[in-house]
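Close look at the chain arrangement
Okay, here's what each chain looks like letter by letter:
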Amino acid sequence: MDVYRIGGDEFVIFIEKHTAVIAEKLVAEFRTTMTRKLFNYGENSNEAIVSCGYALYDPETDASCEDTFNRADRDMYEDKERFYKASPYVKRRVY
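The structure contained in this document is the topic of the report that follows. (Residues numbered from 1 in each chain as written. Predicted model: local features only at pLDDT ≥ 70, side-chain atom pairs only at ≥ 80, totals over all residues. Heavy atoms only, no water.)

The subject of this paragraph is the overall build of the protein. When helices and strands are counted, the protein shows two helices and two strands. Taken over 95 residues, the protein has a buried fraction of 16%. In the protein, once contacts between residues fewer than 6 apart in sequence are set aside, the share between residues at least 24 apart is 34%. (Helix = DSSP H or I, 4+ residues; strand = E, 2+ residues; numbered from the N terminus. Buried < 20%, exposed > 50% of the residue type's maximum accessible area, 1.4 Å probe, protein only. Contact = heavy atoms within 4.5 Å.)

Structure below.
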């Protein structure tokens, strides 16, 4: 498993030869771990959220790794939207 920082607070993880079931399990475990860590952080924990997205490389539809990455990125932004819709009390940060 390789982890790369691609932006200020954005990371990508490349995991080879796994199925969607395994990817979903890894995302769920990551969310649980991060939620626990943020909760233990204390009073400022509500200032941080974790959004996740993933995609599996499909040689029939992906012309490149970038196609897979773009689908994962869209999935992450959809996850972020779901969070804000479910948590209207949390203010979005404006950059």
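A word on the environment of Arg-71. Looking at the secondary structure, you find Arg-71 in helix H2 (residues 65–86). Arg-71 gets classed as partly exposed once you look at its relative accessible area, which sits at 29%. Arg-71 sits 14 residues away from Tyr-57 along the chain, and the two C-alpha atoms are 9.6 Å apart. Arg-71 has contacts with Ala-55, Leu-56, Tyr-57, Asp-58 and Asp-62, leaving out every residue within four places of it along the chain.

What follows is about the pairing of strand E1 (residues 2–5). The pairing of E1 with strand E2 (residues 11–14) spans four bridges and is antiparallel. Bridged to Tyr-4 within E2 is Val-12. The turn linking E1 back onto E2 is made up of five residues. (Pairing = 2+ DSSP bridges.)

For the structure on display, the rule yields two aromatic pairs. An angle of 70° between the planes, with centres 5.8 Å apart, marks the rings of Tyr-4 and Phe-14 as edge-to-face. On the criterion of sequence distance, the pair formed by Tyr-4 in strand E1 and Phe-14 in strand E2 is long-range, its members being 10 residues apart. For Tyr-4, a relative accessible area of 42% corresponds to the partly exposed category. The class for Phe-14 is partly exposed, based on a relative accessible area of 36%. (Phe/Tyr/Trp six-rings, centres within 6.5 Å; stacked < 30°, edge-to-face > 60°.)

Among the secondary structure elements, Leu-56 is positioned in the loop between helix H1 (20–41) and H2. Here Leu-56 falls in the partly exposed class, since its relative accessible area comes to 31%. Along the chain, Leu-56 and Ala-72 lie 16 residues apart, while their C-alpha atoms are 8.2 Å from each other. Apart from residues no more than four positions distant in its own chain, Leu-56 is found in contact with His-18, Thr-19, Ala-20, Ala-23, Asp-62, Thr-68 and Arg-71.

It is worth spelling out H2 at this point. Given 3.6 residues per turn, any residue in an α-helix points the same way as the ones three and four places further on. Relative to the 32 Å expected for 22 residues at 1.5 Å per residue, H2 spans 32 Å between its end C-alpha atoms, a close match to the ideal helical length. Of all the residues in H2, the buried ones are Thr-68, Ala-72, Met-76, Asp-79 and Tyr-84. Each buried residue of H2 sits inside an arc of 155° when the element is viewed along its axis, so together they form one side. Turned more than 90 degrees off the buried face of H2, the exposed positions are Glu-66 and Lys-85. The opening residue of H2, the one whose side-chain oxygen lies 3.2 Å from the backbone nitrogen of Glu-66, is Ser-64. (Expected span 1.5 Å × (residues − 1). Arc of directions from axis to C-beta. Polar contact = N/O pair within 3.5 Å; in protein donor to acceptor, adjacent residues only side chain to side chain.)

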